[in-house]
Amino acid sequence: MLMTEKKYKFWFCTGSQDLYGDECLAHVAEHAKIIVEKLNESGVLPYEVVWKPTLITNELIRKTFNEANIDDECAGVITWMHTFSPAKSWILGLQEFRKPLLHLHTQFNMEIPYDTIDMDFMNENQSAHGDREYGHIVSRMRIERKVVVGHWSDPVVVGKIASWMRTAVGIMESSHIRVMRVADNMRNVAVTEGDKVEAQIKFGWEVDAYPVNEIADYVKDVAKGDVDALVDEYYILLEGRDPEEFKKHVAVQAQIELGFERFLKEKNYQAIVTHFGDLGALKQLPGLAIQRLMEKGYGFGAEGDWKTAAMVRLMKIMTAGMKDAKGTSMMEDYTYNLVPGKEGILQSHMLEVCPSVADGKPAIKVCPLSMGEREDPARLVFTSKTGPAIATSLVDLGDRFRLIINDVDCKKVEKPMPKLPVGSAFWTPQPDLATGAEAWILAGGAHHTAFTYDLTAEQMGDWAAAMGIEAVYIDKDTTIRNFKNELRWNEIAFRR
Ligand code: MN
């Protein structure tokens, strides 16, 4: 399967000790089982939670964490100290643990049982106490983890666990992302470049280049029958257009799609970059073909932008299987509307915008590219959904990576754009265009972004933290004075 082969699960590990007697430990186990059962029944969590026997000794903690490490389907561990659990017991296990960690700071009862509370109850239900002891050692050991606080039945708490699960799967899956580069980066372009060795060390990404004609050979070898079958599928999208006018151009994209996909599958790549200036034997710049591949879940970056390709792939994995997902795509900042009160950025690309973000049904058009020297490529044309979203840009600052995350509000443009033959979106960056764009430029953000409606800035920031890289947020709270200070301080915080 393209998205992920694994059926990920999360382990629920409860901490305690044997100081309080067997009856207390029986309650601890019973409570934890109920919490796990209710979390799974909530219907909100994208992955299953699995109850594990209560952890009360150094040996068991160490053994459990190591079992979690080697279990391919375990995407992370959720820890909770029901009673007091002396935190030195956790040191060796935590030291050896290599997967995402969530500290659920909850307790079994919601309310203090005023009429009946006695010291037995206090000893049995002391997460406020035990979770602080545990939290201390995790902080002292400088281990990256998520802390979620509140009663386990609270929908807000369950929602936070659900959202973290997607981040955790992003952390786990990052090292399975392999990017196929068709040719090199666009000449002289700086922001799409970067250190691929460091990217593999930090994120686990494998980024390989192929001569364009090696892929063009796969395109050439696609059987005519397969191309015709796909063109027929495309034509379902066409509605009322004259088939002859488009058929030839559309068939070229169908052939590219099939040839590229065979190459990607055969060589196990999940993301792709192309470059309009290096097309070899390809008859058209891959447009419609790339749009369809992105819609299937492949990452994409244009002009050799492998960082964006990997990020789009990552975000597609993180949103996999999401109900009512609104879409994830590469985007490019193109042109502004600077009319007061109507400020925003028109987003698009030459061709390659993922139709998952489309509002309604896209149309196929064949138009000149006005760049390069190939025949007119077919592409899907649409405008995008409205609502909140995030635009992210991963940049290489020479000594480190920085992830810039901007909350944006997607809107409809005021009027149709009948002469614009590409997929597009229009958004106003938070806190407003002037501040958002100024902060973006100060942070060194690119013109290409990995964009999604379906993840939050917090999820992407948590992913960056787990990767050990810098993340900066541009959102409703951003002021330029504070943002500049943050960048200045981060220079020191990330110095090595
Ligand atoms: Mn571009």
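The rules we used
Residues numbered from 1 in each chain as written. Predicted model: local features only at pLDDT ≥ 70, side-chain atom pairs only at ≥ 80, totals over all residues. Heavy atoms only, no water. Helix = DSSP H or I, 4+ residues; strand = E, 2+ residues; numbered from the N terminus. Rg over C-alpha atoms; globule rule 2.2 N^0.38 Å. Buried < 20%, exposed > 50% of the residue type's maximum accessible area, 1.4 Å probe, protein only. Contact = heavy atoms within 4.5 Å. Areas by Shrake-Rupley, 256 points an atom, 1.4 Å probe, with all protein chains shown as cover. Lys, Arg positive; Asp, Glu negative; His and termini not counted. Charge placed at Lys NZ, Arg CZ, Asp CG, Glu CD. Donors = N, O, S within 2.8 Å, 3.2 Å for Na, K, Ca; no water. Pairing = 2+ DSSP bridges. Axes fitted to C-alpha atoms, helices over the stretch in contact; angles between N-to-C directions. Salt bridge = Lys/Arg side-chain N within 4 Å of Asp/Glu carboxyl O. Parallel < 35°, antiparallel > 145°, perpendicular 65-115°, else oblique. Left-handed = near helix turned anticlockwise from the far one by under 90°. Nonpolar A, V, L, I, M, F, W, Y, C, P; charged D, E, K, R; others polar.

Asks: Sorry if this is basic, but what is going on with the overall build of the chain here?
Replies: Across its full length, the chain carries 15 helices and 18 strands. Taken over the C-alpha trace, the chain has a radius of gyration of 25 Å; the compact-globule value for 496 residues is 23 Å, and the two agree within 12%. In terms of principal-axis extent, the alpha carbons of the chain reach across some 80 × 50 × 45 Å. The burial tally for the chain puts 54% of its 496 residues in the buried class. In the chain, the share of contacts with a sequence separation of at least 24, taken over all contacts with a separation of at least 6, comes to 79%. Total accessible area on the chain is roughly 22,100 Å²; 53% of this is exposed by carbon and sulfur atoms. If you average the places of the 57 positive and of the 72 negative side-chain charges in the chain, the two averages end up 4 Å apart.

Asks: Is there a simple way to explain the coordination of the manganese ion in this structure?
Replies: In an ideal tetrahedron of four donors about a metal, each angle is 109.5 degrees. In an ideal octahedron of six donors, the angles are 90 or 180 degrees. Protein coordination at the manganese ion: the donors are Glu303 (OE), Glu332 (OE), His349 (NE2) and His448 (NE2), at 2.1 to 2.3 Å from the metal. Summarised as a motif, the one-chain spacing of the donors to the manganese ion is E-x28-E-x16-H-x98-H. One end of the pair, Glu332, is in strand 10 (residues 328–337); the other, His349, is in the loop between strand 11 (344–348) and strand 12 (363–366), and 17 residues separate them in sequence. His349 sits in the buried class, given a relative accessible area of 2%.

Asks: I would appreciate a short explanation of the sheet that holds strand 5 (residues 146–149) in the present structure.
Replies: As a general point, the strands of a sheet are linked pairwise by backbone hydrogen bonds and lie either parallel or antiparallel. Taken together, the five strands give an open sheet; going across it, the order is 2-1-3-4-5, and neighbouring strands pair in parallel fashion. Of all strands in the sheet, those bounded by a partner on one side alone are strand 2 (48–51) and strand 5. Across the sheet, the axes of successive neighbouring strands diverge by a mean angle of 25°, strand direction being ignored. Here strand 3 (residues 74–81) runs beside strand 4 (residues 101–105); their pairing, made up of three bridges, is parallel. Bridged to Thr79 within strand 4 is His103. Packed onto the sheet, helix 1 (residues 22–41) meets strand 1 (9–15), strand 2 and strand 3 and runs at close to 165° relative to strand 2. On the sheet, helix 6 (residues 155–174) packs against strand 1, strand 2, strand 3, strand 4 and strand 5 and is oriented at approximately 140° with respect to strand 3.

Asks: Explain the pattern of salt bridges here, please?
Replies: As a working rule, side chains carrying opposite charge can pair if their charged atoms are close by. According to the stated counting rule, one finds 25 salt bridges in the structure shown. Close ionic contact of Glu96 with Arg62 constitutes a salt bridge, the shortest N to O distance being 2.7 Å. A residue pair is termed long-range when its members are at least 10 positions apart, and Glu96 in helix 3 (residues 91–96) and Arg62 in helix 2 (residues 58–70) qualify at 34 residues. Classification of Glu96 as partly exposed rests on a relative accessible area of 25%. What makes Arg62 partly exposed here is its relative accessible area of 35%. Taking the shortest distance from any N to any O, the salt bridge between Asp208 and Arg178 comes out at 3.7 Å.

Asks: Looking at this structure, how should I read the packing of helix 6 against helix 12 (residues 306–318)?
Replies: Helix-helix packing is characterised by the crossing angle of the two axes and by the distance between the axes. Their axes nearest at 8 Å, the elements helix 6 and helix 12 cross at an angle of 135°. On the basis of their axis angle, the class for helix 6 and helix 12 is oblique. The element helix 6 and its partner helix 12 pack so that their crossing is right-handed. Between helix 6 and helix 12, the contacting residues are Arg166, Thr167, Val169, Gly170, Glu173 and Ser174 on the first element and Leu314, Ile317 and Met318 on the second. Taken together, the residues of the contact of helix 6 with helix 12 sort by class into four nonpolar, three polar and two charged.

Keep in mind these numbers describe shape, not what the thing actually does.
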